[in-house]
Amino acid sequence: MADSTKSATLSIGDKTVELPIHHPTAGPDVLDIRKLYSQAGVFTYDPGYTSTASCDSTITFIDGDKGELLHRGYPIDQLASKSHYLEVCYLLLYGELPKAGELEEFENTITRHTMIHEQMHNFFRGYRRDAHPMAVMVGTVGAMAAFYHDSTDISDPHQREIASHRLIAKMPTIAAMAYKYSVGQPFVYPRNDLSYAANFLHMCFAVPAEEYVVNPILARAMDRIFTLHADHEQNASTSTVRLASSSGANPFACIAAGIACLWGPAHGGANQACLEMLKEIGDPERIPEFLARAKDKNDPFRLMGFGHRVYKNFDPRAKVMKQSADEVLDLLGVEDNPVLATAKELEKQALADDYFVERKLFPNVDFYSGVILEAMGFPLSMFTPIFAVGRTVGWVSQWKEMLNDPQNKIGRPRQLYLGETARDYVDIENR
Ligand code: ACO
């Protein structure tokens, strides 16, 4: 916990309470209200946690006004251009960039945990073929607790470590199997000679009938997508993982809870929803019609891939993603992609519109990722599972940090109750 050299005085009626103020290494000061109820008998009210820090953390920092995202202090644009996904995983998990030997050992460990228990193949076959891959992922990751009993004891640091490695290593295999199952193709086993991203592409697109050589340009783009999604401090799915874990639940159940939360269109599901929206717009000439709908308070439609709870300037991940979309389509020889053209024009018109300017609404990470993923050959339903693969290391790192925190206690918010006060039961004949 950070030092507190200042405090705030709160007066409620005839009571005065002194509240410590903590000073983070970056970001605004934090008012410590833990003793508020015991000292003043009141709760605080903050639905959606817009002003509430739920924990302390040393992993990721976002400055929403500057459009800055740091992992362990390193800016995301530097990591996206100079590093690669497994190195970023090591950084998030262990706090420092790895030395060459440490990275080699970590890569070996992850690579050698990518296969899933053979019995899980039967489990997969129980799903309907037309199930959404996110539904399959929620179920299958939760079911890992039934296959890996030797890594569910969270009080044992060794088991925690193995669970972390298994989750990072097996998530691409599970996502690729969900895809293969949905298209009726045989599962493709992982290959240890390929990089994390190339192996994922191979498991998704190879078939036993012929050799499939992974395009290194696509492998690099895939790696960058994983890197850009790796962690994002206390977002909805990460907070879900922390809350689930606060009860002492096993790691696989907690990560399955995070996947379930990520699926929603206000969170990770936005990448699928965004591409669906761009396709529905179809022609850049129809953009004003969709902007008008997004601004109309009587219409539930929102511009998908736009806006963010924390970023009020720009999302630094969106910048890299936009550049990546240009590069990938260029390198694939895709000229005049209509979806990318619509996306760019939509961004231009929205950013020139007072409604979006005043509310500080900018493209987020999901605005351009779908364009790249579609160009790679992924169906829309795979966009959010790919986000889940990349985010797994973030969930796992935050989960580990929480379990090591001596202040960790079960998460249990309070409420502002507005229902009936106590009243007597009325017999059915008298209602
Ligand atoms: N389109 C139109 N208007 C919007 C949008 C949007 N995408 N996002 C916010 N607004 C408006 C709201 O209507 C509100 O207007 P008002 O002040 O006139 O009432 C104002 O901007 C503030 O919006 P809130 O909903 O209060 O902002 P919040 O921080 O709660 O929501 C969220 C953030 C959920 C991301 C929102 O911007 C949204 O729904 N975006 C679209 C979905 C999306 O892209 N999600 C991905 C987020 S990034 C991620 O999870 C990877």
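Residues numbered from 1 in each chain as written. Predicted model: local features only at pLDDT ≥ 70, side-chain atom pairs only at ≥ 80, totals over all residues. Heavy atoms only, no water.

What follows concerns the site of the ligand. Around the ligand sit 21 residues, and of these His-267, Arg-302, Leu-303, Gly-305 and Arg-309 come closest. Interatomic distance of 2.9 Å between a side-chain N/O atom of Lys-297 and an oxygen atom of the ligand. Residues that form the shell around the ligand fall into these classes: 11 nonpolar, 5 polar and 5 charged. (Near = heavy atom within 4 Å. Polar contact = N/O pair within 3.5 Å; in protein donor to acceptor, adjacent residues only side chain to side chain. Nonpolar A, V, L, I, M, F, W, Y, C, P; charged D, E, K, R; others polar.)

Our next topic: the side chain of Arg-317. Mapping Arg-317 onto the fold places it in helix H14 (residues 316-331). Owing to a relative accessible area of 3%, Arg-317 belongs among the buried residues under this scheme. Ignoring sequence-local partners within four residues, the contact set of Arg-317 consists of Leu-69, Ile-76, Leu-228, His-232, His-308, Tyr-311, Val-365 and Arg-391. (Helix = DSSP H or I, 4+ residues; strand = E, 2+ residues; numbered from the N terminus. Buried < 20%, exposed > 50% of the residue type's maximum accessible area, 1.4 Å probe, protein only. Contact = heavy atoms within 4.5 Å.)

Turning next to the UniProt feature "active site" (unreviewed entry) in the chain. The UniProt record marks His-308 and Asp-366 with the feature "active site" (unreviewed entry), using the residue numbering of this structure. The annotated residues occupy 59 residues of the chain but converge on a single region, no pair of C-alpha atoms lying more than 10.6 Å apart. Residue position: His-308 is located in the loop between helix H13 (287-295) and H14. The class for His-308 is partly exposed, based on a relative accessible area of 23%. Look past the residues within four positions of His-308 in its chain and what remains in contact with it is His-232 and Arg-317. Reaching out from His-308, the side chain makes a polar contact with the backbone nitrogen of Tyr-311 at a distance of 3.3 Å. Locating Asp-366 in the fold gives a position in helix H17 (residues 366-376). Using a relative accessible area of 5% as the deciding quantity, one classes Asp-366 as buried. With sequence-adjacent residues up to four places away left out, Asp-366 is seen in contact with His-229, His-267, Gly-268, Ala-270, Asn-271, Cys-274, Gly-305 and Phe-387. (UniProt positions renumbered as here; feature names shortened; annotations may be inferred.)

This paragraph deals with helix H7 (residues 157-183). If you check H7, its first and last C-alpha atoms are 39 Å apart, about what 27 residues at 1.5 Å a residue would give, namely 39 Å. Where H7 bends most, the angle comes to about 40°, and this point is Lys-170, followed within four residues by the proline Pro-172. The buried count for H7 comes to 22 of 27 residues, which makes it a mostly enclosed element. For H7, the N-terminal cap is Asp-156; the gap from its side-chain oxygen to the backbone nitrogen of His-158 is 2.9 Å. Gly-184 occupies a position one or two residues after H7 and carries a positive phi of about 75°. (Expected span 1.5 Å × (residues − 1). Bend = angle between axes of the 7 residues up to and from the residue.)

The subject of this paragraph is the pattern of salt bridges. When the charged atoms of two side chains lie near each other, side chains of opposite charge can form a pair. According to the stated counting rule, one finds 19 salt bridges in the structure shown. Of the charged contacts in the structure, one is a salt bridge between Asp-223 and Arg-220, with a shortest N-O distance of 3.5 Å. One end of the pair is Asp-223 and the other is Arg-220, both in helix H9 (residues 216-228) and 3 residues apart, which spans about a single turn. Overall, the relative accessible area of 10% leaves Asp-223 in the buried class. Overall, the relative accessible area of 30% leaves Arg-220 in the partly exposed class. Here Arg-242 and Glu-401 are joined by a salt bridge, their closest N and O atoms 2.8 Å apart. With Arg-242 in helix H10 (residues 236-245) and Glu-401 in helix H18 (residues 383-403), the pair connects residues that are 159 residues apart, well separated along the chain. (Salt bridge = Lys/Arg side-chain N within 4 Å of Asp/Glu carboxyl O.)

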